[in-house]
Amino acid sequence: MILADVNLGEILWTTLVIFFMIMYFMILFSILGDLFRDHEESGWAKAVWVIFLIIFPFLTALIYLIVRGNGMAKRNLKAQADAQQQFNDYVQQVAGSGGSPADQIAQAKQLLDSGAIDQAEYDALKAKALG
């Protein structure tokens, strides 16, 4: 009983077609993401790009990459920089700034006076704050 009559050429061709489909969809989603990330483009222009992407997908994707590819890279870098800045702000907020070395030493002194830490721990915190 033969389940399938498939030769190596058909397998290679199918693999190649699937590869190019995935590549096209990655380009398409990248274009759509960039298009809606661009706040300088009007809504009508975005709608026209989307309509042409639906009607003439390969030609429109190629034209978009040629015409707007440089701006696409700049918008992507700006989005990454904004995300990095938001992450840094969040880390600063959660971790706390720690204040100046004098503030850190004063906090350590309060902990020492309250008995929460001993003299050795106070000395370690003071050395860390100074340096």
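As a reminder, the structure under discussion sits directly above these lines.
Residues numbered from 1 in each chain as written. Predicted model: local features only at pLDDT ≥ 70, side-chain atom pairs only at ≥ 80, totals over all residues. Heavy atoms only, no water.

Novice: Could you clarify how one ought to interpret the layout of surface pockets in this entry?
Specialist: If a probe as big as a water molecule is rolled over the atoms, it shows which places are left empty. Put simply, the largest pocket is a space of about 190 Å³. What lines the largest pocket is Arg37, Asp38, His39, Glu40, Arg75, Lys78, Ala79 and Asp82. The dominant element in the lining of the largest pocket, judged by the number of residues it contributes, is helix α3 (residues 57-95), at four residues. (1 Å grid on protein atoms, 1.4 Å probe; cavity = no way out; pocket = protein on both sides within 12 Å on 5 of 7 lines; lining within 4 Å. Points joined across faces, edges and corners; volume = space filled by probe spheres on them. Helix = DSSP H or I, 4+ residues; strand = E, 2+ residues; numbered from the N terminus.)

Novice: Mind showing me how you'd approach the packing of helix α4 (residues 101-114) against helix α5 (residues 119-130) here?
Specialist: Packed helices, taken two at a time, are described by the angle between their axes plus the distance between the axes. At a minimum axis separation of 9 Å, α4 and α5 run at an interaxial angle of 175 degrees. Considered as vectors, α4 and α5 are oriented roughly antiparallel to each other. Contacts between α4 and α5 involve Pro101, Gln104, Ile105, Ala108, Lys109 and Leu112 from the first element and Gln119, Tyr122, Leu125, Lys126, Ala129 and Leu130 from the second. Looking at the contact of α4 with α5 residue by residue, the class counts come to eight nonpolar, two polar and two charged. (Axes fitted to C-alpha atoms, helices over the stretch in contact; angles between N-to-C directions. Parallel < 35°, antiparallel > 145°, perpendicular 65-115°, else oblique. Contact = heavy atoms within 4.5 Å. Nonpolar A, V, L, I, M, F, W, Y, C, P; charged D, E, K, R; others polar.)

Novice: Please explain the pattern of salt bridges as it appears in this structure.
Specialist: Note that side chains of opposite charge can pair when their charged atoms are close. This model, assessed by the stated rule, comprises six salt bridges. Asp34 is the partner of Arg75 in a salt bridge, and the nearest nitrogen-oxygen pair spans 2.8 Å. You can see Arg75 sitting in helix α3 and its partner Asp34 sitting in helix α1 (residues 8-37), a full 41 residues away along the chain. A relative accessible area of 18% means that Arg75 is categorised as buried. Measuring nitrogen to oxygen at the nearest pair gives 3.5 Å for the salt bridge that ties Lys109 to Asp113. Here Lys109 pairs with Asp113, and both are found in helix α4, just four residues apart, close to one helical turn. By relative accessible area, Lys109 is classed as partly exposed at 36%. Through salt bridges with shared partners, a single network forms among Asp34, Asp38, Glu41, Arg68 and Arg75. (Salt bridge = Lys/Arg side-chain N within 4 Å of Asp/Glu carboxyl O. Buried < 20%, exposed > 50% of the residue type's maximum accessible area, 1.4 Å probe, protein only.)

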